[in-house]
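Listed here are the chains, written in short residue letters.
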Amino acid sequence: MEIHSTVKGLRESLKKYKLKNQTIGFVPTMGYLHEGHFNLMEESKKRNDITVVSIFVNPLQFNDIKDFEKYPKNEEGDIESLTKLGIDILFLPSSEEIYGQVGEAKIEMKIPALMKNLCAPSRIGHFEGVIHIVSKLFNYVQPDKVYFGLKDYQQFLIIKELIHNLSFPIEIIGVETVREKSGLAMSSRNSRLTKEESEDATLVYRSMKMAEKNSGKKNITIPTLKEIIKEILLSSNMIKIDYIEILDPDTLENKEFVSGKILIAIAVFLGNVRLIDNIRFEV
Ligand code: PAF
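Throughout what follows, the structure given in this document is the object of discussion. From a predicted model like this one, the values you see are computed outputs, not experimental measurements.

**Thoughts on the packing of aromatic side chains**
According to the stated counting rule, one finds 6 aromatic pairs in the structure shown. On the numbers, 6.1 Å between centres and 50° between planes, the contact of Phe 56 with Tyr 99 is tilted. Here the residue Phe 56 occupies a position in the loop between strand S3 (50–55) and helix H3 (65–70), and Tyr 99 occupies one in helix H5 (residues 95–99), the gap between them amounting to 43 residues. Relative accessible area serves as the criterion here: at 7%, Phe 56 is assigned to the buried category. Residue classification places Tyr 99 among the buried positions, given a relative accessible area of 15%. With a centroid separation of 5.9 Å and an interplanar angle of 75°, the aromatic rings of Phe 91 and Tyr 140 are classed as edge-to-face. Of this pair, Phe 91 sits in strand S4 (residues 89–91) while Tyr 140 sits in helix H7 (residues 126–141), placing them 49 residues apart in sequence.

Written out as structure tokens, the structure is:
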């Protein structure tokens, strides 16, 4: 596996593949890789000639500096896993390399229709930071296809719209969430949970599945489904709810009735770790 820490080195290396018209799949990450990431990479490997992975903990997308500082890192382990997986190129830049030249005149992009609920109000500036780094990475790698996990469903929709709005010649592929046997969605943040917190974190998925199970009942309402979820989550005295939303998965608008396509999305705090998860289904 080639490892590049500079944009120049990365671009030079990619030239040889582009000249041969080879297709490039790209998986951007913030490292501390787990099965969820590997699943994205396997998808990319199946459908492209070469796969590029980036590891960069993007300071711009953290609204809380403590969260940024505590973000888990495992550079050596990640490199070993990526090598074993047969990834072709790893882009591993420093903050200086990415933001050294930007300074105060940084561009800030918003997609207001997709940034008014879910994680946007509780993480001010987060999606602007994601849009900024993802645009830069797309520009550096110029991939044919990009792979994003559906656990971060709002992020997936925002990037999809970014690609569409700004006409990036890129296809985005959303890959389903990988879960522990317990149902807990895989996330780098899980490593910061205590054993007891990890056990209670499984209530997140269980509560959404219970709501899904009840969604077929006659005359069931959105507030009742939210109540079912809330009751299950609050059976743990360690869980603090950030939001429970039931929305249209295409537009992120509130659902009035329990019918058609449904997105249930949840964010909770366990101690100071914030976890998100979602399911999508049709009634
Ligand atoms: O989902 C992530 O890990 C990050 O938001 C991303 C897409 C790598 C941008 O920093």
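**Side note on the pattern of salt bridges**
Between side chains of opposite charge, a pair can form when the charged atoms approach closely. The final tally for this structure, using the stated rule, is 20 salt bridges. The salt bridge partner of Arg 47 is Glu 43, with a shortest N-O separation of 2.5 Å. Note that Arg 47 and Glu 43 are positioned in helix H2 (residues 35–47) at a spacing of 4 residues, about one turn of the helix. Judged by relative accessible area, which is 47%, Arg 47 ranks as partly exposed. On the accessibility criterion, Glu 43 (18% relative accessible area) is buried. With its nearest N and O atoms 3.8 Å apart, the salt bridge here joins Lys 84 to Glu 80. Taken together, the residues span about one helical turn, with Lys 84 and Glu 80 both in helix H4 (residues 75–85) at a distance of 4 residues.

**Some points on the side chain of Thr 202**
Among the secondary structure elements, Thr 202 is positioned in helix H9 (residues 195–214). On the accessibility criterion, Thr 202 (8% relative accessible area) is buried.

**Here's the deal with the sheet that holds strand S1 (residues 2–4)**
Whenever strands of a sheet pair, they do so through backbone hydrogen bonds, lying parallel or antiparallel. The parallel open sheet is built from 6 strands, whose spatial order is S1-S4-S3-S2-S5-S6. Each edge of the sheet is formed by a strand with only one pairing partner; in this case those strands are S1 and strand S6 (171–175). Geometrically, the sheet is characterised by an average inter-axis angle of 25° between neighbouring strands, direction not taken into account. Relative to S4, S1 is paired through 3 bridges, and the arrangement is parallel. Along S4, the bridge assignment pairs His 4 with Phe 91. Against the sheet, H7 makes contact with strand S2 (24–29), S3, S4 and strand S5 (145–149), and its axis sits at roughly 150° relative to S2, the strand it touches most.

**Brief notes about the packing of H9 against helix H10 (residues 222–233)**
Direction vectors running N to C along H9 and H10 enclose 150°, while the axes themselves pass 9 Å from each other. The angle between the axes of H9 and H10 places the two elements in the roughly antiparallel class. The two elements H9 and H10 meet at a crossing, and its hand is right-handed. Residues Leu 203, Val 204, Ser 207, Met 210, Ala 211 and Asn 214 of H9 form the contact with H10, whose own contacting residues are Leu 225, Ile 228, Ile 229, Ile 232 and Leu 233. Here the residues of the contact of H9 with H10 are counted per class, giving 9 nonpolar, 2 polar and no charged.

**Brief notes about the site of the ligand**
Around the ligand sit Pro 28, Thr 29, Met 30, Gln 61, Ile 133, Phe 148 and Gln 155, and those are all the residues in its vicinity. Coverage of the ligand by the protein amounts to 89% of the 290 Å² it exposes when considered alone. Its residues assigned to classes, the shell around the ligand comprises 4 nonpolar, 3 polar and no charged.

Here is what the cut-offs are and how they apply
- Residues numbered from 1 in each chain as written.
- Predicted model: local features only at pLDDT ≥ 70, side-chain atom pairs only at ≥ 80, totals over all residues.
- Heavy atoms only, no water.
- Phe/Tyr/Trp six-rings, centres within 6.5 Å; stacked < 30°, edge-to-face > 60°.
- Helix = DSSP H or I, 4+ residues; strand = E, 2+ residues; numbered from the N terminus.
- Buried < 20%, exposed > 50% of the residue type's maximum accessible area, 1.4 Å probe, protein only.
- Salt bridge = Lys/Arg side-chain N within 4 Å of Asp/Glu carboxyl O.
- Pairing = 2+ DSSP bridges.
- Axes fitted to C-alpha atoms, helices over the stretch in contact; angles between N-to-C directions.
- Contact = heavy atoms within 4.5 Å.
- Parallel < 35°, antiparallel > 145°, perpendicular 65-115°, else oblique.
- Left-handed = near helix turned anticlockwise from the far one by under 90°.
- Nonpolar A, V, L, I, M, F, W, Y, C, P; charged D, E, K, R; others polar.
- Near = heavy atom within 4 Å.
- Areas by Shrake-Rupley, 256 points an atom, 1.4 Å probe, with all protein chains shown as cover.

Any link to function would need more than the numbers given here.
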